[in-house]
Amino acid sequence: MAENISQRYELRLRAHPRILADIRRAVGARLRLWGREELISAAGMCVTELLSNVHKHAASPECVLTLENLPYGIHAAVSDTESGLPVVKEPDFLSESGRGMFLLSKTAHDWGTDLTPTGKTVWFTLRAEAVEP
């Protein structure tokens, strides 16, 4: 394996449902490159949720997705220009929406939100040993 593979990946994008499949593929490709295949499904779901929230709730779709390969797993973050924080609520499983942050909170090992001078960053970590097959 090449030792000079960057352990950080950053993608500037405009959040929109049309691009989510492409972003999941890009996340999967990066995680395969890092040898983190077991995290691809969970990371794809969590990243999709964060980008969907930017599309639905932020005034601007402009955002930055960052992935970092860590010794124990991965750290991912989406930064946008909105200062409103995501809310995790007990989902109505019959509803077609509103479950995303609940699922992220149950999938990720840890997650949180950091306010920034230009908006916020919502992040999560996935531990390699914590992901069920």
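Presented here is an overview of the structure given in this document. Computed from a prediction, not measured in an experiment: that's the story for all the values here.

### Focus: the pairing of strand E5 (residues 119-127)
Here comes step 1: In terms of burial, E5 is a largely internal element, eight of the nine residues being buried.
Here comes step 2: Across eight bridges, strand E3 (residues 73-80) lies against E5 in antiparallel orientation. Among the inter-strand pairings, Gly73 is bridged to a residue of E5, identified as Arg127.
Here comes step 3: Alignment of strand E4 (residues 110-116) against E5, held across seven bridges, turns out to be antiparallel. Each residue of the ladder has a partner; that of Thr113, found in E5, is Val122.

### Looking at helix H2 (residues 40-57)
Here comes step 1: The first and last C-alpha atoms of H2 sit 25 Å apart over 18 residues, in line with the 26 Å expected at 1.5 Å per residue.
Here comes step 2: Burial runs high along H2: 13 of the 18 residues are buried.

### What to know about the nonpolar core
For soluble globular proteins, the rule of thumb is that nonpolar side chains tend to be buried together.
Here comes step 1: Counting residues in each nonpolar core, the largest one holds 31 residues, and the members touching the most others are Val27, Leu31, Leu51, Leu65, Phe124 and Leu126.
Here comes step 2: For this core, the secondary structure elements donating two or more residues are strand E1 (8-14), helix H1 (20-33), H2, strand E2 (62-70), E3, helix H3 (100-107) and E5.
Here comes step 3: If sequence neighbours within four positions are ignored, Leu65 has contacts with Tyr9, Glu10, Leu11, Leu13, Ile23, Val27, Val47, Ala77 and Val78.

About the cut-offs
Residues numbered from 1 in each chain as written. Predicted model: local features only at pLDDT ≥ 70, side-chain atom pairs only at ≥ 80, totals over all residues. Heavy atoms only, no water. Buried < 20%, exposed > 50% of the residue type's maximum accessible area, 1.4 Å probe, protein only. Helix = DSSP H or I, 4+ residues; strand = E, 2+ residues; numbered from the N terminus. Pairing = 2+ DSSP bridges. Expected span 1.5 Å × (residues − 1). Core = buried A, V, L, I, M, F, W, Y, C linked by side-chain atoms within 4.5 Å. Contact = heavy atoms within 4.5 Å.

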